[in-house]
Every structure is written in C-alpha cells, then in structure tokens.
Amino acid sequence: MKFIKKKPVLVFIVSCFMLFFTGCQETPEEVQQFIDNKQKLTSNKETKDNKEENKVKENKNLEYDTVSNVFDKASEAFKGKYNNLLLKEDYTLYKPSSCGEWRFEVTGGFDKKGEEFLHYYIGEGYNEKYYSDGKKLSPPGPEYKDEENGIYAGAGENGFFTYDKDNINHAYDKIKDQFLLVNGYEDAEYQLADGKMKVSEAVRLAQKYADEWSELSGDFKYLPYRLEVLESDTKGEFLYYVEMQKTYENSIFFQIADNIKNSAPLGCTNFYITSANGKMSFTNQVILECEAEVKDIEQIVSLKSALGLISDTLSSYYIYEVKNISFENVLFPEEGAYFHKSGSRFVSKPYWIIYFKTENNNENYAAVNAVTGEVSYVLTTDE
C-alpha cells in the first residue's frame, strides 16, 4: 500500500446510520432495525499505542439500488473523486446471479468416500499398505502415507482433502513473483522441474483441476484469485501456487483471517502446478452445502457509496491505492460452528471488499456491509 508512513495493526468498525436514501427508495428492513437499535459496535483490535474510540457517523448520501443497476453503474464509481483513494480506470467485477443471505452447512460423511478419492488421485501406484482409517485425526478420515515415494493424501468427514506429491508443500518456500489474477497479469514464463510454462497455462490447468474436483466431490464452483511463483532453495527451479476461491451464485466467499467482527473466513483451495506436463498437488479445506435462503436481497449499497464510506473512514493523511474490488459472501458462524465440524452452520452476508496495494504479502482491505453500510477497516502491519 502506498503510505506516507507505516502504521500498526488497526481495525475500525463504523456503523453508518442513514437519514434518507437516494431516489426515495424504501429503507430496507434490516437497515431500519439497525438504525432503531442504535447499535454501537466495539473494535476487535487495538493499535499498539492507543485505543481508538468507536465512531458513529450520520451519512445523508448513501445510495441503494438493485444489484443489476449497481453493477451496471460500477464504472461511474471507478471515476469518482475520493480524497485518499487512488483507483484505476477499470476493475473486473463478478456480478452475482442473485443476492441474498444464505445458510450453509458443513458436509458430513465425506470420509466414507475418502478411499475412492485416494485411489483416483494416486492412480496405478496405489498400495494398501500405506492406507490407514485415520479415525483419530481431526477431522477424522482415511489417509495414505507413502514416505518412500513422497506421496501423502488424506480425506476428512467435513470435505477436507489433500494430495501432495514429492513433499512440494515444503520444498519450495521462496516467493519469486505473484499476480492478482482477477485484474489481468503479465504472462511471464518460468522454468519448472521438467520444462518451461507460462502463467496463463498454470491458471488454465488450475481451473481444469478445480472444475474436476467440483464435479467429483459435489463442491461449489471456483474462480482463480491469486498466483505465486515459488522458488526452490536447492534445485534452482520454480512451481506455480494458485489460489482458487469458492463461489455461490457467482459471488466468491471471503477467505481472509477473521478480522470482520464475528466472521469466519472460508479457506481457499490451493493448487500447486509442479511440472510442464501438468503434474499437480492440492488441498481443499471444507465442503459446504447450501441449506436454505435466509433472505432475498433486492437492493444493495452502491459501489460509489461504499467507496465514499471507506474514504470518509480512512485517514486523510494517506493515499490508499486500490488493487482490487470484489463483491463477496462473508460467513458468520452460528453458535458452536466450526469448519472442521460436520453439521456446523454458517450464514452469509453480502459485502463490498476493497483490497489495497501493499509492498509485501499482507492483505489490507476495507469491507462494507452491502445492506447496512457498516464499515470494517483492517490494516495489517506493513513491516
């Protein structure tokens, strides 16, 4: 992120109470309840040097519109004037096919299919002597450990699955380069173990493998998010690490550590492309099933308003360069819910997530609840 000076970890939670809405739109029920309750939210983090008081602001200019209209007018928001935000002329936005709050449940019994998946990914070299039922693991499920040939695979009852060939998760740990895939990237070429491969080919292969996994397992569809080029310390070669984000109704799930108050980030699915011939390893954390729609949402906060709220919340002494804008499902756990626990339930809420450019691998972002206008700002240390 382009800052004048570095700042410590900081989170602001801003509740924006609306006096009226553009176009005389009827106040959404959840927003009216939010206003009536006059909730004062507490910050879940503090700066190292001082405590920030919670801030409550009145906003007379918050705009609501249909999801379709908001996305059709997004380019107007990119061209808007903001005192402390630096935006590009265009961003790629994934328009959701529908918008709402949904209740998701962690799948169960996936471990019973586990041996079938072990056979599928390991292939002809499968040997029963490396198999164990893994009943004492968390989550419980079968595992396959062939140390002689460097193969590890395992499955869990909650939809967890991992396949690792040649211990690649540990052999490559230096980041040579990285690309945010959603907004385009330089199609560079790197030397893998047995030949060269371009970034675009690695992305294509990761999408192919993700689609295959979705079809086999019943998991949600995926979109490519980030790619890192990892370098081996000893071999002088590279591999591609590709993060794929799960989607529902063409809206991705928020997956960063739980800095939005009371939220639960959904871990991404990672693919490692290790060979010019397409050899790969991957890990999937969990499989969710949509149990029910809690609420259909017809109108959301416009992107222009969301950016305005963020600009008003952030310090006027810095310039924040926006690298990506995304409309995402943020998950909130019901009581006692955990991703490793089958049957756990989570409710999703729609958010605008604004990601800022940094000089390291930190994810600095601001989030706006697309229904209430509540702003969460998270700044990880830039050191």
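Calculation criteria
- Residues numbered from 1 in each chain as written.
- Predicted model: local features only at pLDDT ≥ 70, side-chain atom pairs only at ≥ 80, totals over all residues.
- Heavy atoms only, no water.
- Helix = DSSP H or I, 4+ residues; strand = E, 2+ residues; numbered from the N terminus.
- Buried < 20%, exposed > 50% of the residue type's maximum accessible area, 1.4 Å probe, protein only.
- Contact = heavy atoms within 4.5 Å.
- Areas by Shrake-Rupley, 256 points an atom, 1.4 Å probe, with all protein chains shown as cover.
- Polar contact = N/O pair within 3.5 Å; in protein donor to acceptor, adjacent residues only side chain to side chain.
- Salt bridge = Lys/Arg side-chain N within 4 Å of Asp/Glu carboxyl O.
- Phe/Tyr/Trp six-rings, centres within 6.5 Å; stacked < 30°, edge-to-face > 60°.
- Arc of directions from axis to C-beta.
- Expected span 1.5 Å × (residues − 1).
- pLDDT = per-residue confidence, 0-100.

A look at the overall build of the protein chain
At step 1: Within the protein chain, the regular secondary structure consists of seven helices and 23 strands.
At step 2: Classification of the 383 residues of the protein chain by burial places 54% in the buried group.
At step 3: Across the protein chain, the fraction of contacts at a sequence separation of at least 24, relative to all contacts at a separation of at least 6, is 69%.
At step 4: Working note: accessible area of the protein chain is about 18,200 Å², and carbon and sulfur atoms make up 44% of it.

A few points about the side chain of Ser344
At step 1: Inspection of the secondary structure puts Ser344 in the loop between strand 20 (320–333) and strand 21 (345–356).
At step 2: For Ser344, a relative accessible area of 5% corresponds to the buried category.
At step 3: A polar atom in the side chain of Ser344 sits 3.1 Å from the backbone oxygen of Tyr338.
At step 4: Ser344 has contacts with Phe104, Glu105, Val106, Gly336, Ala337 and Tyr338, leaving out every residue within four places of it along the chain.

Side note on the pattern of salt bridges
At step 1: If you walk through the whole model with that rule in mind, you get ten salt bridges.
At step 2: The salt bridge involving Asp72 is made with Lys95; its shortest N-O contact spans 3.9 Å. Of this pair, Asp72 sits in helix 2 (residues 67–72) while Lys95 sits in the loop between strand 4 (85–86) and strand 5 (100–106); the two residues are 23 residues apart in sequence, bridging distant segments of the chain.
At step 3: Accessibility expressed as a relative area gives 35% for Lys95, which makes it partly exposed.
At step 4: As a salt-bridge pair, Arg103 and Glu334 come within 2.7 Å of each other at their nearest N and O atoms. Placement of Arg103 in strand 5 and of Glu334 in the loop between strand 20 and strand 21 is noted, with a sequence separation of 231 residues between them.
At step 5: Each of Glu105, Glu291 and Arg345 takes part in a single network of salt bridges with overlapping partners.

Considerations on the packing of aromatic side chains
At step 1: Tallied over the full model, the rule gives 35 aromatic pairs.
At step 2: Their ring planes at 10 degrees and their centres at 4.4 Å tell us that Phe339 and Phe346 sit as a pair that is stacked. With respect to burial, Phe339 and Phe346 carry one shared label: buried.
At step 3: By way of ring pairs, the aromatic residues Phe110, Phe117, Tyr120, Tyr121, Phe161, Tyr163, Trp213, Phe271 and Phe282 are connected into one cluster.

Quick word on the environment of Ser275
At step 1: Mapped onto the elements of the fold, Ser275 is located in the loop between strand 16 (269–273) and strand 17 (280–284).
At step 2: Since its relative accessible area comes to 4%, Ser275 is described here as buried.
At step 3: One polar contact links Ser275 to Asp194, side chain to side chain, over a distance of 2.7 Å.
At step 4: Of the polar contacts made by the side chain of Ser275, one reaches the backbone nitrogen of Asn277; its length is 2.9 Å.

Observations concerning helix 4 (residues 114–122)
At step 1: Buried residues of helix 4: Gly114, Phe117, Leu118, Tyr121 and Ile122, and no others. Burial along helix 4 is one-sided: seen end-on, the buried residues are contained in an arc of 115 degrees.
At step 2: Its buried side turned inward, helix 4 meets strand 6 (131–132), strand 7 (143–146), strand 8 (151–155), strand 9 (161–165), helix 6 (199–217) and strand 17.
At step 3: Two residues or fewer after helix 4 comes Gly123, characterised by a positive phi angle close to 85 degrees.

Some thoughts on helix 6
In an α-helix there are 3.6 residues to a turn, and that puts residues three or four apart on one side.
At step 1: In this model, helix 6 (19 residues) spans 27 Å end to end at C-alpha, consistent with the 27 Å of a helix rising 1.5 Å per residue.
At step 2: Those residues of helix 6 lying buried are Val199, Ala202, Val203, Leu205, Ala206, Tyr209, Ala210, Trp213, Ser214 and Ser217.
At step 3: Directly beyond the C-terminal end of helix 6, a positive phi value near 85 degrees is found at Gly218.

With respect to the confidence of the model for the protein chain
Caution applies to low-pLDDT parts of the model: their predicted coordinates are not meant to be read in detail.
At step 1: Mean pLDDT over the protein chain works out to 82, with 80% of the residues at or above the 70 mark.
At step 2: Between the elements of the protein chain, mean pLDDT differs from a low of 38, seen in strand 1 (residues 10–18), to a high of 97, seen in strand 19 (residues 299–301).
At step 3: For the stretch residues 30–58, pLDDT sits under 50, and the model shows 59 contacts to residues farther than four places along the chain or on other chains.

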